[in-house]
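# Residue-level structure breakdown
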Amino acid sequence: MKLVLGTMERITSRSNERIKSFLKLSSSSKERREQNLYAIEGARLCFDALISGEEIKEFYYTLHAEEKFKKQVDSLREKASASFVITEDVASKMSSTPSPQGLFCVARHRQNSLAFESKLCYIALDGIQDPSNLGAMARTAEALGIGGLILYNCCDIFNQKSLRASMGAFFRLPVIMTDDLPLLLRNRAIEGVLTVAAVPDRDSEDFSSLDFSQGAITVIGNEGNGVSQPVIEACMKKASIPMKGRAESLNAAAAGAIVMWEMMK
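Residues numbered from 1 in each chain as written. Predicted model: local features only at pLDDT ≥ 70, side-chain atom pairs only at ≥ 80, totals over all residues. Heavy atoms only, no water.

### Observations regarding the side chain of Asn-133
Tracing the sequence through the fold places Asn-133 in helix H7 (residues 131–144). When its relative accessible area of 7% is taken as the criterion, Asn-133 is described as buried. Not counting the four nearest positions on each side in its chain, Asn-133 is found in contact with Ile-128, Glu-223, Asn-251, Ala-252 and Ala-253. (Helix = DSSP H or I, 4+ residues; strand = E, 2+ residues; numbered from the N terminus. Buried < 20%, exposed > 50% of the residue type's maximum accessible area, 1.4 Å probe, protein only. Contact = heavy atoms within 4.5 Å.)

If you want it as structure tokens, here you go:
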């Protein structure tokens, strides 16, 4: 059922076609690719998307959210192509969290192409499948000043868990997807860029001993299998994080944070 609230459409039914479309975008990477759109939930992420230049196609909000986040709601309503008031019941249907804030957007990603620059450091992610790890590494990369992310066989950056873990970093950090990371690494090496595979190998070089001052690309691998062999072979060096105790490896996001710190210090 749809009612008109002034010039604002009010949606009261969970089975509304717009709500169904939002849920498909929220849950399906295939739908996001086909529509070239993605779903956002929560005050922080919705407002981050807006101020970062993402194109807001649809904005949904509850009256309670409008009272609580008046400034954000006013800004989003002004910029969105279409805005809709929703009931708390509809908001609970749209939400992927137990306690929804009542703010949702459908957006088109602003392409922020990664143009490699000399003396900048980049992180390549090889086969990262945990969206929380992916988002956490993007957040760390932005915080430490990494030049951009290169994604190879990774999960979708617009997965809800990935977006939340990134705290909006994907809206601002240059990101490219490649279907041939070994070739990309070899081409960059030819141009004189240091390329490094992060491996849990005690016979490899220590990350703290490497010179990243002229720029570099470091590859962080899959949570279970690490960096794939073809990618390792395409890198100029293999390096590891020195560890004490009996631990053989670190969580991908933790390893990525340490590696990025070493690259940028």
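### Quick notes on the nonpolar core
Membership of the largest hydrophobic core comes to 56 residues, with the highest contact counts inside it found for Ile-40, Leu-103, Ile-123, Leu-125, Leu-149, Phe-207 and Phe-212. The element best represented in this core is helix H12 (residues 252–264), accounting for six residues. (Core = buried A, V, L, I, M, F, W, Y, C linked by side-chain atoms within 4.5 Å.)

### Re the packing of helix H3 (residues 43–51) against helix H5 (residues 70–79)
H5 packs onto H3 with a crossing angle of 50° between their chain directions and a minimal axis gap of 10 Å. Accordingly, the angle class assigned to the pair H3 and H5 is oblique. Classified by chirality, the crossing of H5 by H3 is left-handed. Residues Cys-46, Phe-47 and Leu-50 of H3 form the contact with H5, whose own contacting residues are Gln-72, Ser-75, Leu-76 and Lys-79. In terms of residue class, the contact of H3 with H5 is built from four nonpolar, two polar and one charged. (Axes fitted to C-alpha atoms, helices over the stretch in contact; angles between N-to-C directions. Parallel < 35°, antiparallel > 145°, perpendicular 65-115°, else oblique. Left-handed = near helix turned anticlockwise from the far one by under 90°. Nonpolar A, V, L, I, M, F, W, Y, C, P; charged D, E, K, R; others polar.)

### Points about the packing of aromatic side chains
Scanning the model with the defined rule gives eight aromatic pairs in all. Taken together, a centroid distance of 6.1 Å and an interplanar angle of 70° make the contact between Phe-22 and Tyr-60 edge-to-face. You can see Phe-22 sitting in helix H1 (residues 17–27) and its partner Tyr-60 sitting in strand E4 (residues 55–61), a full 38 residues away along the chain. Owing to a relative accessible area of 1%, Phe-22 belongs among the buried residues under this scheme. Ring geometry for Tyr-38 versus Phe-158: centroids 4.0 Å apart, planes at 20°, classification stacked. Of this pair, Tyr-38 sits in strand E3 (residues 38–41) while Phe-158 is found in the loop between strand E8 (149–152) and helix H8 (160–166), placing the two residues 120 residues apart along the sequence. For the pair Tyr-38 and Phe-158, one class covers both residues: buried. In this structure an aromatic cluster arises from ring pairing among Phe-22, Tyr-60, Phe-84 and Phe-104. (Phe/Tyr/Trp six-rings, centres within 6.5 Å; stacked < 30°, edge-to-face > 60°.)

### So, the sheet that holds strand E7 (residues 121–126)
On the basis of which strands lie adjacent, the open sheet formed by seven strands has the order E9-E8-E7-E12-E10-E13-E11 and parallel pairing. Strands with a single pairing partner mark the edges of an open sheet, and in this sheet they are strand E9 (175–177) and strand E11 (205–206). The sheet contact formed by strand E10 (residues 194–198) and strand E13 (residues 237–240) spans three bridges and is parallel. Its bridge partner lying in E13, Ala-197 is registered against Lys-238. (Pairing = 2+ DSSP bridges.)

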